[in-house]
Amino acid sequence: MADIELVGVQKDYGRGRKAVRAVHDLSYTIADGDFVSLLGPSGCGKSTTLNMIAGLEDITGGEILIDGRRVDDLDPDKRDLAFVFQDYALYPHMDVRDNIGFGLRMRKVDKAETERRVVDAARRLDIEHVLGNRPRNLSGGQRQRVALARAIARRPKVFLFDEPLSNLDALLRDQTRSELKLLHAELGATSVYVTHDQEEAMTLSDRIVVMSRGRLEQYGSPYDIYHRPATEFVASFVGKPRMNLLPATRVECGRYAVGGSSFTVDVPGVDAERIRLGLRPEECSVQPVGEGEHASGVVKVVEPLGNASDVTLDLGSCLFVVRIPGFTGLTVGDPVLLSAQGATLHCFDPDGGARLTAADAR
Amino acid sequence: MSATTADRPAAGGRRRSSRARRRLLGTIGHRVLVALLLVYLLAPFVWMTVYSLYPATALQTLTPDLDPRQIRLDAYLGMLSDPSFLVPMANSAIVGISTTIVCMVLGSACAYVIARYRFRGRQTLLLGMLTVQAVPVIVLAVPLFILLRAFGQYDTLLGLVITYTAFILPLVVWMLVGFFEELPPSLERAAIIDGCNRLQIMTRIAVPLAAPGLAATAILAFITSWSDFFLAKVLTISNATTLPVRTAAFQGLFAMDYTAAATAGVITAVPVLVLALVAQKWIIRGLVEGAVKG
Ligand SMILES: Nc1ncnc2c1ncn2[C@@H]1O[C@H](COP(=O)(O)OP(=O)(O)OP(=O)(O)O)[C@@H](O)[C@H]1O
Ligand SMILES: [Mg+2]
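Given the structure is predicted, the values throughout are model-derived calculations rather than measurements.

**Structural notes on the sheet that holds strand 16 (residues 297–304) of chain A**
Residue and element names in this part refer to chain A.
Line of reasoning, step 1. Across the sheet, which stays open at both edges, the 5 strands sit in the order 15-19-16-17-18 with antiparallel pairing between neighbours. Of all strands in the sheet, those with a lone pairing partner are strand 15 (285–288) and strand 18 (319–325), marking the two edges. On average, each strand axis in the sheet is inclined to that of its neighbour by 40 degrees, with strand direction left out of account.
Line of reasoning, step 2. Across 7 bridges, the pairing between strand 17 (residues 308–314) and strand 18 is antiparallel. Residue D314 lies in a different strand from strand 18, and its bridge partner there is L319.

**Topic: the environment of F145 of chain B**
Residue and element names in this part refer to chain B.
Line of reasoning, step 1. Considering the arrangement of structural elements, one finds F145 in helix 6 (residues 137–150).
Line of reasoning, step 2. Spatially, the C-alpha atoms of F145 and V50 are 38 Å apart, while their sequence positions differ by 95 residues.
Line of reasoning, step 3. If near-sequence neighbours (up to four positions away) are discounted, F145 is found in contact with Y154, V234 and L235.

**Quick word on the UniProt feature "domain: ABC transporter" (unreviewed entry) in chain A**
Line of reasoning, step 1. UniProt's feature table lists "domain: ABC transporter" (unreviewed entry) at residues 4–238 of chain A, given in the numbering used throughout.
Line of reasoning, step 2. Split by type, residues 4–238 of chain A is 36% helix and 26% strand. Its first and last C-alpha atoms lie 25 Å apart.

**Section: the sheet that holds strand 20 (residues 346–348) of chain A**
Sheets are built from strands paired through backbone hydrogen bonds, the pairs being either parallel or antiparallel.
All names here are of chain A.
Line of reasoning, step 1. The strand order across the open sheet built from 5 strands is 13-12-11-14-20, with neighbouring strands paired in antiparallel fashion. Each having just a single partner strand, strand 13 (264–266) and strand 20 make up the two edges of the open sheet. Neighbour-to-neighbour, the strand axes of the sheet open up by a mean angle of 40 degrees, direction not taken into account.
Line of reasoning, step 2. Bridge analysis of strand 12 (residues 255–258) against strand 13 gives 3 bridges, and the strand direction is antiparallel. In the sheet register, R255 faces strand 13, and the bridge partner there is D266.

**Description of unusual backbone geometry**
All names here are of chain A.
Line of reasoning, step 1. Residue P241 follows K240 across a cis peptide bond; omega there is 0 degrees.
Line of reasoning, step 2. With respect to the secondary-structure elements, P241 resides in the loop between helix 8 (232–237) and strand 11 (244–252).
Line of reasoning, step 3. Positive phi is not limited to glycine here, since R155 has a value of about 50 degrees.
Line of reasoning, step 4. Locating R155 in the fold gives a position in the loop between helix 4 (140–153) and strand 7 (158–162).
Line of reasoning, step 5. At R213, a residue that is not glycine, the phi angle is positive and equals roughly 45 degrees.
Line of reasoning, step 6. Relative to the helices and strands, R213 resides in the loop between strand 9 (207–212) and strand 10 (215–220).

**Looking at the domain arrangement of chain A**
Residues and elements named next belong to chain A.
Line of reasoning, step 1. For chain A, the assigned domains are domain 1 (4–237) and domain 2 (276–348).
Line of reasoning, step 2. Distance between the C-alpha centres of domain 1 and domain 2: 40 Å.
Line of reasoning, step 3. At the boundary of domain 1 with domain 2, total buried surface from both sides reaches about 610 Å², with 44% on carbon and sulfur atoms.
Line of reasoning, step 4. Taken as a group, Y226, H227 and E232 account for 70% of the area that domain 1 buries against domain 2, more than any other trio of residues on that side.
Line of reasoning, step 5. Viewed at the interface, domain 2 and domain 1 are joined by 1 salt bridge.
Line of reasoning, step 6. R276 serves as the salt-bridge partner of E232, at 2.9 Å between the closest nitrogen and oxygen.
Line of reasoning, step 7. Counting across the interface, domain 1 meets domain 2 through 3 residue pairs in polar contact (both at pLDDT 80 or more).
Line of reasoning, step 8. Among the elements that make up the side of domain 1 that touches domain 2, the one with the highest residue count is helix 7 (residues 222–227) (3 residues).
Line of reasoning, step 9. Class assignment of the residues belonging to the side of domain 1 that touches domain 2 gives a composition of 5 nonpolar, 2 polar and 1 charged.

**Comments concerning the nonpolar core**
Line of reasoning, step 1. Of all hydrophobic cores here, the largest spans 75 residues; its most connected members are I4, Y28, F83, Y91 and L160 of chain A together with F180 and I205 of chain B.
Line of reasoning, step 2. With 10 residues, the single largest contributor to this core is helix 7 (residues 157–181) of chain B.
Line of reasoning, step 3. With residues up to four places along the chain from it excluded, the contact list for I205 of chain B reads Y91, H93, M94 and F102 of chain A together with L187, A191 and Q200 of chain B.
Line of reasoning, step 4. A122, V146, L180 and A189 of chain A belong to the second largest nonpolar core, which has 32 residues in total.

**Concerning a nonpolar patch on the surface**
Residue and element names in this part refer to chain B.
Line of reasoning, step 1. Residues V34, L37, L38, Y40, L41, L42 and V46 make up a contiguous nonpolar surface patch of roughly 700 Å² in combined accessible area.
Line of reasoning, step 2. Checked against the element boundaries, L38 lands in helix 1 (residues 2–53).
Line of reasoning, step 3. On the basis of relative accessibility, which here comes to 45%, the residue L38 falls in the partly exposed class.

**What about the pattern of salt bridges?**
Residue and element names in this part refer to chain A.
Line of reasoning, step 1. Under the criterion given, the structure shown has 27 salt bridges over all chains.
Line of reasoning, step 2. One salt bridge connects D12 with R21, and the closest N-O pair in it is separated by 2.7 Å.
Line of reasoning, step 3. Overall, D12 belongs to the buried group, its relative accessible area being 18%.
Line of reasoning, step 4. Among the residues examined, R21 registers a relative accessible area of 38% and is labelled partly exposed.
Line of reasoning, step 5. Residue K78 is joined to D77 by a salt bridge in which the shortest nitrogen-to-oxygen separation is 3.5 Å.
Line of reasoning, step 6. The class of D77 is partly exposed, set by a relative accessible area of 21%.
Line of reasoning, step 7. Taken together, the shared-partner salt bridges in this structure form one network comprising D120, R123, R124, R155 and E186.

Definitions and cut-offs
Residues numbered from 1 in each chain as written. Chains lettered and ligands numbered in written order. Predicted model: local features only at pLDDT ≥ 70, side-chain atom pairs only at ≥ 80, totals over all residues. Heavy atoms only, no water. Pairing = 2+ DSSP bridges. Helix = DSSP H or I, 4+ residues; strand = E, 2+ residues; numbered from the N terminus. Axes fitted to C-alpha atoms, helices over the stretch in contact; angles between N-to-C directions. Contact = heavy atoms within 4.5 Å. UniProt positions renumbered as here; feature names shortened; annotations may be inferred. Domains from an automatic or database assignment. Buried area = accessible area lost by both parts, 1.4 Å probe. Salt bridge = Lys/Arg side-chain N within 4 Å of Asp/Glu carboxyl O. Polar contact = N/O pair within 3.5 Å; in protein donor to acceptor, adjacent residues only side chain to side chain. Nonpolar A, V, L, I, M, F, W, Y, C, P; charged D, E, K, R; others polar. Core = buried A, V, L, I, M, F, W, Y, C linked by side-chain atoms within 4.5 Å. Buried < 20%, exposed > 50% of the residue type's maximum accessible area, 1.4 Å probe, protein only. Patch = residues over 30% accessible without salt bridge, like charges linked within 9 Å, V, L, I, M, F, W, Y side chains within 5 Å. Areas by Shrake-Rupley, 256 points an atom, 1.4 Å probe, with all protein chains shown as cover.

Structure (structure tokens):
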């Protein structure tokens with residue numbers, strides 16, 4: 001078993017004046033046995049980071065340690081890790097058995113042991129009956145399982161996954177996701193999992209690395225990422241529906257007007273003229289305006305989802321989404337009263353987007 | 001309202017049927033053209049085969065007698081037991097096979113590197129390889145003759161192999177780069193993780209996957225060197241004479257043995273024909289099976 005340590009890791013593509021920095025100064029430690037997701041939008045450097053851990057890409061700066069041993073000069077096969085690729089990367093000219101056993105044969109594991117491990121891996125993933133098939137005769141889901149079996153059969157210290165589920169249809173993806181979680185619980189090997197799907201990252205991970213434009217935004221547990229996003233980027237990226245993130249200006253001490261509208265929120269402990277205020281849609285509520293009350297906005301869109309409905313409000317100068325349980329009697333055009341009572345307030349610096357922790361103190 | 005809805009399917013039907021008729025005409029025209037082309041291409045070969053099988057006396061009349069009972073295999077038997085024909089045939093086979101092997105071994109290594117590694121001058125190199133193909137052989141024939149003689153390789157099989165390799169290798173590399181580039185890089189990454197070194201990636205992953213393309217290229221290399229006439233004529237005189245040169249020699253100055261010439265022609269052409277058919281099968285297989293689509 002192994003922990004993975006990144007120390008100031010950098011990656012530039014190209015050389016000289018044409019060099020582009022794809023990854024900036026990453027430093028974090030993935031603990032032994034943890035399942036860690038690298039989460040971020042397309043092009044943020046997740047695959048690059050994973051490939052550097054695997055040794056498929058050289059690093060331009062910093063160091064990578066596995067189990068306390070520096071590995072960034074080692075060849076990938078000396079790092080004792082297995083990689084599951086997005087397109088599965090099964091060898092088309094070998095049958096499933098040979099695909100799973102290839103890495104073992106290359107490592108000169110003896111025949112009987114190879115066969116034993118191949119069958120064991122196939123049994124775990126329920127693909128014993130296709131061991132004699134060529135990959136092209138398998139369904140997408142089966143190919144994915146073969147790719148996983150190939151990784152498992154090697155019994156490596158570290159598993160690396162690069163968006164392994166993104167080529168599956170939605171139903172199969174959910175199913176495979178839970179199996180992956182079970183598998184990790186069974187094997188207990190350190191796993192690094194690249195995904196751009198926050199749901200995958202949240203459900204699978206012990207810890208999540210959120211990246212944006214080649215930089216680390218936050219490294220923390222799913223709980224932290226969701227409840228205490230370290231930057232405005234994390235706040236906007238994680239959570240569905242998206243967090244309402246609006247500029248807020250102080251109207252009186254500790255009281256801020258959201259997005260230039262008449263809707264105000266009490267934000268104790270913050271001392272700034274302007275902030276960015278984040279409110280999760282599911283933590284806010286709406287109700288029809290009563291007699292003599294002043295409406296905060298009107299309903300613009302209602303999207304029923306079954307167990308909940310997303311209601312988009314027009315606050316006059318900005319839009320605000322609220323998720324309410326079940327179906328709603330609200331219709332487009334209704335004037336409503338918006339309330340953020342009890343909602344966690346996420347305050348960010350308007351320049352730079354860092355979290356203003358003073359607001360969390362209350 | 002009801003009128004328009006009633007009208008529409010009828011109009012659509014009319015349009016469809018006229019389109020179908022046009023498509024049918026197109027198909028017929030296409031077939032006829034293909035048939036004509038086939039006759040144009042195959043007729044000389046068929047006639048040559050006929051000439052090699054029937055006695056000349058039966059053919060050189062106004063009404064050729066194509067009675068199957070007239071067929072004689074004497075010409076083939078005679079030719080295939082005549083050392084002055086067998087030696088050039090063996091020469092051609094040796095030169096063809098050696099050239100193919102050398103071209104494929106060197107070519108696949110070169111092509112793999114060009115396909116997989118980005119380096120300065122890569123595009124220029126690829127373009128250069130094509131440009132070389134544009135130089136007419138006749139320009140190089142005399143310099144090559146002088147060069148080979150200086151190195152003592154005039155009229156030797158080795159001289160021919162070296163010369164053919166020089167001409168065919170760039171084309172081989174150029175074709176193979178295309179085949180290797182189509183292999184998904186993630187397969188090779190998987191192989192690296194599985195513990196392959198660069199050579200093993202090539203021999204265990206890239207080459208087996210590009211096999212249809214490699215086979216087609218090898219066949220092309222063989223056909224080119226097997227059927228070359230001009231360079232063989234210039235660079236050999238007696239020892240290393242090849243089949244095409246020997247075949248051409250049946251064309252005497254005053255008299256001509258049509259049967260012998262036709263027989264030699266068929267013997268030269270048959271391997272090319274067979275290999276061309278095989279190559280076609282390989283290429284189609286590569287396309288249809290989608291060798292790399294895991
Ligand atoms: N071989 C390369 N040469 C030059 N730039 C590259 C190369 N590979 C990646 N990049 C750049 O590095 C950045 C990060 O790429 P990377 O593949 O790591 O993104 P990613 O987070 O995995 O995105 P995705 O979700 O789309 O896979 C991108 O801007 C990309 O353009
Ligand atoms: Mg990626």
